[in-house]
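Results of the structural survey
For reference, the chains in residue letters:
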Amino acid sequence: MPHPIAPPPDPRTGLALPAGVTICEVGPRDGLQMEKTFIPTAAKVALIDGLSATGIGEIQATSFVHPSAVPQMADAEEVISGIARRPGVRYTALVPNERGAARAVAAGVDAIDLVVSATDSHCLANTRMTTDQAMQRARGVARLGAEANVEVRVGFATALGCPFEGFPPYERVERLVGAAVETLGARHVNIADTVGMADPQRVHGFMRRLIGTFAGVTFSLHLHDTRGMGLANVLAGLEAGVTNFDASIAGLGGCPYAPGASGNISSEDCVHMLEAMGVRTGIDLGALLAEGARAKALVGHADSALLEAGPARALGPYRAPVAGEA
Ligand code: COA
Ligand code: ZN
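The structure reproduced in this document is the subject of the present report. Just so you know, these numbers come straight off a predicted model, no measurement behind them.

To continue, consider the site of ligand 1. For ligand 1, the set of nearby residues contains 18 residues, the closest of which are His66, Asn97, Arg103, Asn126 and Arg128. One nitrogen or oxygen atom from the main chain of Phe64 is found 3.0 Å from a nitrogen atom belonging to ligand 1. Within the contact set of ligand 1, an oxygen atom lies 2.7 Å away from a backbone nitrogen or oxygen of His66. Look at ligand 1: alone it shows 920 Å² of surface, and the protein chains cover 68% of it. Counting residues per element, the shell around ligand 1 draws most heavily on helix α4 (residues 98-107), which supplies three residues.

Structure below.
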């Protein structure tokens, strides 16, 4: 959901921030996919149902990948059929290929998140295809989505940094986005920093240029906090005009095919920062923290500052800045 009305810069800070953003909760997929011990389907479903009651608008609930590639996601169909679909929440799933897309459509997801790595080496490690091969096969995914009237969103893993190849040039990413728009008909493109290599300057530069080049495309950012730059990159993205962000409950996450990958930006930390700045997320932070505690208990670990420290002050879903407040 776009939020086109940006308020004037906050006179206290000079930051030009949007009035609101959409957070896509990716914890049930990215957060759980690295977990070695199989999490029972009922626990995954309970977490998703809990998250959908926080006011969040989008949840990437699972992935339809080969069960031997990511055993934790072997119950994708059961997860989708088990959740209580809450009106107003979009339930999406990650897919790597046509087979995954067919499974996702049959399961009844609201949108397909097709993932293609922007670098060949990560693409080969992740899906046994080069980037160009994956883009070719993506046509079949786009066709399946169009036939079933299910939106296909395209995400480029490693677009902002690859553990094998370093930083892909901007021109390569722009070419891939162009192909996603023209050949696949994508209207929503996700740009990922899969292993947390990007700094705010890179994020800002890439996103400003992409947004300037592809009018009418909604861009979202998928950021990992591997090197402590996650929330700084959110701010850089906001300033570049991005209003859609992925985040993961309790900061869980990582790609099993990317060495050194660690957690996504934590949903709680991200919502806290945004709401503190007056950027609306529609999410009840208290309810989200309760889900963070649930996720932490489920996997036995977390990477979330807010779960440790609690909010800086009471923040509701949105609280207008008080005049004169420092
Ligand atoms: N779900 C279930 N089964 C699948 C599948 C999918 N999405 N894609 C392929 N298969 C099955 C095929 O039906 C085929 O089965 P068969 O041998 O019984 O006919 C078999 O797997 C081999 O198919 P192929 O197209 O050659 O796939 P592959 O073995 O090269 O695997 C991927 C490619 C993409 C399916 C696999 O690498 C994968 O699932 N990767 C995802 C990794 C991931 O999730 N990373 C983290 C998120 S970024
Ligand atoms: Zn990720």
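This is not the end of the story, as more comes after the structure.
Time to look at the environment of Ala93. One can find Ala93 in strand β3 (residues 90-95). On the accessibility criterion, Ala93 (0% relative accessible area) is buried. On a C-alpha basis, the gap between Ala93 and Arg187 in space is 17 Å, while along the polypeptide they are 94 residues apart. Contact partners of Ala93, with chain neighbours within four places excluded, come to Gln60, Thr62, Phe64, Val109, Ala111, Ile112 and Asp113.

Once that is clear, we can look at the packing of aromatic side chains. The tally for this structure, following the rule as stated, stands at two aromatic pairs. Judged by centre distance (5.3 Å) and plane angle (90°), the rings of Tyr170 and Phe206 are edge-to-face. Placement of Tyr170 in helix α7 (residues 170-182) and of Phe206 in helix α8 (residues 200-213) is noted, with a sequence separation of 36 residues between them. Like Tyr170, the residue Phe206 is buried in the burial classification.

Next up on the list: the pairing of strand β1 (residues 22-25). Regular strands place side chains that alternate from one sheet face to the opposite one. Burial along β1 is two-sided: the residues Thr22 and Cys24 and Ile23 and Glu25 are all buried. Pairing analysis gives four bridges linking β1 to strand β8 (residues 244-247), with the strands arranged parallel. Bridging across to β8, Ile23 finds its partner in Phe245. Pairing geometry for β1 and strand β2 (residues 58-63), over two bridges, is parallel. From the neighbouring strand, Glu25 faces β2, where its bridge partner is Ile59.

Before going further, it helps to examine the nonpolar core. As a rule of thumb, nonpolar side chains are buried together in soluble globular proteins. Counting residues in each nonpolar core, the largest one holds 91 residues, and the members touching the most others are Phe156, Val177 and Ile191. Tallying contributions element by element places α7 first for this core, with six residues. Beyond its immediate chain neighbours, meaning those up to four positions away, Phe156 contacts Val116, Ala118, Met135, Leu176, Val177, Ala180, Val189, Asn190, Ile191 and Ala192. Counting five residues, the second largest nonpolar core, distinct from the first, contains Val195, Cys255, Ala258 and Ala261.

As a further point, take the coordination of the zinc ion (ligand 2). Only Asp30 (OD), His222 (NE2) and His224 (NE2) from the protein reach the zinc ion (ligand 2) as donors, at distances of 1.9 to 2.1 Å. Summarised as a motif, the one-chain spacing of the donors to the zinc ion (ligand 2) is D-x191-H-x1-H. With Asp30 in helix α1 (residues 27-31) and His224 in the loop between β7 (218-223) and α9 (230-240), this pair connects stretches of sequence that are 194 residues apart. Given the relative accessible area of 3%, Asp30 is considered buried. His224 gets classed as buried once you look at its relative accessible area, which sits at 2%.

Taken in spatial order, the eight strands of this closed barrel run β1-β2-β3-β4-β5-β6-β7-β8, and their pairing is parallel. This sheet shows a mean twist of 25° between the axes of neighbouring strands, independent of strand direction. Across six bridges, the pairing between strand β6 (residues 188-193) and β7 is parallel. Each bridged residue has a counterpart across the sheet, and for His188 the counterpart in β7 is Thr218. In this fold α8 packs onto β6 and β7, with an angle of close to 160° to the strand it touches most, β7.

Bringing the pattern of salt bridges into the picture now. Under the defined criterion, the tally for this structure stands at 13 salt bridges. The structure contains a network of salt bridges with shared partners spanning Glu58, Asp113 and Arg153.

Our next topic: the packing of α9 against helix α10 (residues 267-276). Where α9 meets α10, the axes come as close as 11 Å, and the angle between the chain directions of the two elements is 45°. The angle between the axes of α9 and α10 places the two elements in the oblique class. Handedness of the crossing formed by α9 with α10: right-handed. Two secondary-structure elements touch here, α9 through Leu231, Val234, Leu235 and Leu238 and α10 through Asp269, Cys270, Met273 and Leu274. For the contact of α9 with α10, the residue count by class is seven nonpolar, no polar and one charged.

Cut-offs used in this document
- Residues numbered from 1 in each chain as written.
- Chains lettered and ligands numbered in written order.
- Predicted model: local features only at pLDDT ≥ 70, side-chain atom pairs only at ≥ 80, totals over all residues.
- Heavy atoms only, no water.
- Near = heavy atom within 4 Å.
- Polar contact = N/O pair within 3.5 Å; in protein donor to acceptor, adjacent residues only side chain to side chain.
- Areas by Shrake-Rupley, 256 points an atom, 1.4 Å probe, with all protein chains shown as cover.
- Helix = DSSP H or I, 4+ residues; strand = E, 2+ residues; numbered from the N terminus.
- Buried < 20%, exposed > 50% of the residue type's maximum accessible area, 1.4 Å probe, protein only.
- Contact = heavy atoms within 4.5 Å.
- Phe/Tyr/Trp six-rings, centres within 6.5 Å; stacked < 30°, edge-to-face > 60°.
- Pairing = 2+ DSSP bridges.
- Core = buried A, V, L, I, M, F, W, Y, C linked by side-chain atoms within 4.5 Å.
- Donors = N, O, S within 2.8 Å, 3.2 Å for Na, K, Ca; no water.
- Axes fitted to C-alpha atoms, helices over the stretch in contact; angles between N-to-C directions.
- Salt bridge = Lys/Arg side-chain N within 4 Å of Asp/Glu carboxyl O.
- Parallel < 35°, antiparallel > 145°, perpendicular 65-115°, else oblique.
- Left-handed = near helix turned anticlockwise from the far one by under 90°.
- Nonpolar A, V, L, I, M, F, W, Y, C, P; charged D, E, K, R; others polar.

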